[in-house]
Amino acid sequence: MKLAILSRAPRSYSTRRLRSAALDRGHQVKVLNTLRFAIDLSDVEPDLQYRGKQLTDYDAVLPRVGSSITYFGTAVVRQFEQMDVYTPNTAYGITNSRDKLRATQILSRHHIGMPATTFVRDRADVIPAIERVGGAPVVIKLLEGTQGIGVILAPDFKVAEAIIETLQSTRHQVLVQRFVKESKGRDIRALVVGDRVVAAMRRTAKGDEFRSNVHRGGTVEAVTLDPEAERVAVRSSQIMGLRVAGVDMLESDDGPLVMEVNSSPGLEGIEAATKLDVAGAIIDYIDNQVAFPQIDIRERLSISTGYGVAEIVVHGDAEMVGKQLGDSGLRERDISVLTLHRGTSVIPNPYSSHVLEAEDRLLCFGNLEEMRGMIPTRSRRRKRVKRLPKTPLTDDD
Ligand code: ADP
Ligand code: MG
């Protein structure tokens, strides 16, 4: 295949490794500086210029878009997508993962364990927010921080309030998050490629630092993830729309808690810790997908007027309960079931002999009018069982 690696750092470890992994496998590969593209929209066909010249044809693009250029970088990736060039990480996925609030919002409805998180703006809401996530000490995070910068541990309410006010006064938006103290100074980084974890490591912070980022001096060691952590890492990447991702998780008493999903994970630490050829796994995955790319169904299916994708919840009193999918009447109403979600398991393309249970959630494509009638008072009002924080709600004053 002919691959473009979008990177502003051709000499960085990750870019060099990816480039040589591609060359070793007999692919053509070019490292292109993300900021030297021009996006042309005037022509009939979507197009890209690179260094003032029309870009030649590529089969795939691997974006390594730095967080300082997310807007322009994702615009370039989106343009590649319009040109039907395969990318493992879509512009949509990269944008969502860059904003810690947006990522948390998206993951939160999919039963992915995360540290209790809240987002406030008004001064009067700060103290209640800290109490809601379990009191002090509490973690404060800039929405778009990375490499540990912008992640602060506030020891008490007063300091937390002062930090939040200071940051907000300089127009920074912040998240307030429960401090998972049993995981202090340690976390897990899982490198997901496609639908599997290809490498995982534990990072341990230096000294009494609580942030375990490699860029903050953290040390690394290889780990074998238990199946639950592996499942959570893969699911999180998929929900975010990323096929190459670094998932950061805390090891809490309640199991793995996802902190963030990174769209341009660094390879140096993980390859050193695990001695695995992560770059090679990424290139092989892309090569496989180029021949059979997945498409974004939301984008394509919504084009047919009157049809769309919706989630139908099988309520306890619904006639469908206990019936086989084939006898549920859905197909007759012009509705096809794409996936069936039961608790935390997902059954893609379920057989018509599949027996439906109460609380099953069906992801359907079909006639919107028909589906509208089947989404009565809807999950919107469903109260989720909330895990209470282990720390008492007020313990500081
Ligand atoms: P960044 O994007 O800067 O890496 P993270 O959210 O991944 O931000 O946080 C950086 C590090 O801080 C994590 O790797 C972890 O060691 C520590 N950390 C972050 N959030 C928490 C938390 N809620 N509880 C305990 N430690 C945390
Ligand atoms: Mg991180």
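Residues numbered from 1 in each chain as written. Chains lettered and ligands numbered in written order. Predicted model: local features only at pLDDT ≥ 70, side-chain atom pairs only at ≥ 80, totals over all residues. Heavy atoms only, no water.

**Student:** Describe the pairing of strand β2 (residues 28–32), naming the residues involved and giving the relevant values.
**Tutor:** Direction of pairing for strand β1 (residues 2–6) relative to β2: parallel, over a ladder of five bridges. Directly across from A4, in β2, lies its bridge partner K30. For the handedness criterion, the β-α-β arrangement of β1, helix α1 (residues 13–24) and β2 is classed as right-handed. (Pairing = 2+ DSSP bridges. Helix = DSSP H or I, 4+ residues; strand = E, 2+ residues; numbered from the N terminus. Right-handed = clockwise from strand over helix to strand, strands pointing away.)

**Student:** So what about the coordination of the magnesium ion (ligand 2)? Which residues, and what values?
**Tutor:** By definition of the ideal shapes, four donors in a tetrahedron about a metal sit 109.5 degrees apart, and six donors in an octahedron sit 90 or 180 degrees apart. Bound to the magnesium ion (ligand 2) on the protein side are D248 (OD) and E260 (OE), at distances that span 2.0 to 2.2 Å. Separated by twelve residues along the polypeptide, D248 in strand β14 (residues 244–252) and E260 in strand β15 (residues 255–262) bring together distant segments of the chain. The class of D248 is buried, set by a relative accessible area of 3%. By relative accessible area, E260 is classed as buried at 17%. (Donors = N, O, S within 2.8 Å, 3.2 Å for Na, K, Ca; no water. Buried < 20%, exposed > 50% of the residue type's maximum accessible area, 1.4 Å probe, protein only.)

**Student:** Residues and numbers for the pattern of salt bridges, please.
**Tutor:** The full count for this structure, using the stated rule, is 20 salt bridges. The closest approach of N and O atoms between E260 and K100, which form a salt bridge, is 3.0 Å. Here E260 is found in strand β15, whereas its partner K100 is found in helix α4 (residues 100–108), with 160 residues between them in sequence. With respect to burial, E260 and K100 carry one shared label: buried. Here R231 ties to E228 by a salt bridge, and the two come within 3.5 Å at their closest N and O atoms. Here R231 and its partner E228 are both found in helix α7 (residues 227–240), three residues apart, which amounts to about one turn of the helix. Assessed through its relative accessible area of 31%, R231 is described here as partly exposed. Residue E228 is classed as partly exposed on the basis of its relative accessible area, which comes to 39%. Salt bridges sharing partners connect three or more residues here, namely R17, R25, E271, D277 and D284. (Salt bridge = Lys/Arg side-chain N within 4 Å of Asp/Glu carboxyl O.)

**Student:** Lay out the site of ligand 1 in plain terms, naming residues and giving numbers.
**Tutor:** By nearness alone, 23 residues border ligand 1, and K100, K141, G148, D187 and S212 come closest of all. A distance of 2.5 Å separates an oxygen atom of ligand 1 from a polar atom in the side chain of K100. Q147 is positioned with one of its backbone polar atoms (N or O) 3.3 Å from an oxygen atom of ligand 1. A total of 540 Å² of accessible area belongs to ligand 1 in isolation, and the protein chains cover 99% of it. At the level of secondary structure, the elements contributing two or more residues to the shell around ligand 1 comprise β8 (138–142), β10 (174–178), β14 and β15. (Near = heavy atom within 4 Å. Polar contact = N/O pair within 3.5 Å; in protein donor to acceptor, adjacent residues only side chain to side chain. Areas by Shrake-Rupley, 256 points an atom, 1.4 Å probe, with all protein chains shown as cover.)

**Student:** Outline the packing of aromatic side chains, supporting the account with residue identities and numerical values.
**Tutor:** Counted according to the given criterion, the structure contains four aromatic pairs. Seen in terms of ring centroids, F179 and F210 are 6.1 Å apart; in terms of plane orientation they differ by 80 degrees. Their pairing is edge-to-face. Here the residue F179 occupies a position in the loop between β10 and β11 (186–193), and F210 occupies one in the loop between β12 (196–204) and β13 (219–222), the gap between them amounting to 31 residues. Using a relative accessible area of 12% as the deciding quantity, one classes F179 as buried. Connected via pairs of aromatic rings, a cluster forms that spans F37, Y50 and F80. Its guanidinium or amino end placed over the ring of Y58, K2 lies 4.6 Å from that ring's centre, counting from NZ or CZ. (Phe/Tyr/Trp six-rings, centres within 6.5 Å; stacked < 30°, edge-to-face > 60°. Lys NZ or Arg CZ within 6 Å of the ring centre and 35° of its normal.)

**Student:** Describe in detail the sheet that holds β14, supporting the description with residues and values.
**Tutor:** Spatial ordering of the open sheet is given by β13-β12-β11-β14-β15, a layout of five strands whose pairing is antiparallel. Since the sheet does not close on itself, it has two edges, and those belong to β13 and β15, each with one partner. Averaged over neighbouring strand pairs, the angle between their axes works out to 30 degrees when direction is ignored. One ladder, built from six bridges, connects β11 with β14; its direction is antiparallel. Across the sheet, the residue bridging to V193 is V244, located in β14. Most of the contacts of helix α9 (residues 278–290) go to β11, to which it runs at about 35 degrees, and overall it touches β11, β12 and β14. (Axes fitted to C-alpha atoms, helices over the stretch in contact; angles between N-to-C directions. Contact = heavy atoms within 4.5 Å.)

**Student:** So what's going on with the sheet that holds strand β4 (residues 47–50)? Residues and values would help.
**Tutor:** A sheet is described by the order of its strands in space; here three strands give the open sequence β3-β4-β5, paired in antiparallel fashion. Looking at the sheet topology across the chains shown, the edges are occupied by β3 (37–40) and β5 (53–54). With respect to the sheet, helix α2 (residues 70–82) is in contact with β3 and β4, its orientation differing from that of β3 by roughly 55 degrees.

**Student:** Run through unusual backbone geometry, naming residues and quoting values.
**Tutor:** The amide bond that connects A136 to the next residue, P137, takes the cis arrangement and shows omega of -5 degrees. Considering the arrangement of structural elements, one finds P137 in the loop between α5 (126–132) and β8. The backbone of H111 shows a phi angle near 60 degrees, a positive value even though the residue is not glycine. For H111, the location among the structural elements is in the loop between α4 and β7 (117–119).

**Student:** Explain empty space enclosed by the protein residue by residue, including any values.
**Tutor:** A water-sized probe, rolled over the atoms, reveals where empty space remains. Tallied over the full model, the rule gives four cavities of 30 Å³ or more. Considered as a void within the structure, the largest cavity measures approximately 320 Å³ in volume. In terms of lining residues, the largest cavity is bounded by 27 residues, among which K141, V151, F210, R211 and M259 are the most central. Elements supplying a minimum of two residues to the lining of the largest cavity: β8, β10, β11, β14 and β15. (1 Å grid on protein atoms, 1.4 Å probe; cavity = no way out; pocket = protein on both sides within 12 Å on 5 of 7 lines; lining within 4 Å. Points joined across faces, edges and corners; volume = space filled by probe spheres on them.)

**Student:** Break down the side chain of T274 for me, with residues and values.
**Tutor:** Here T274 lies in helix α8 (residues 268–274). A polar side-chain atom of T274 sits 2.6 Å from the main-chain carbonyl oxygen of I270. Here T274 is in contact with A199, A200 and A222, once residues within four sequence places are set aside.

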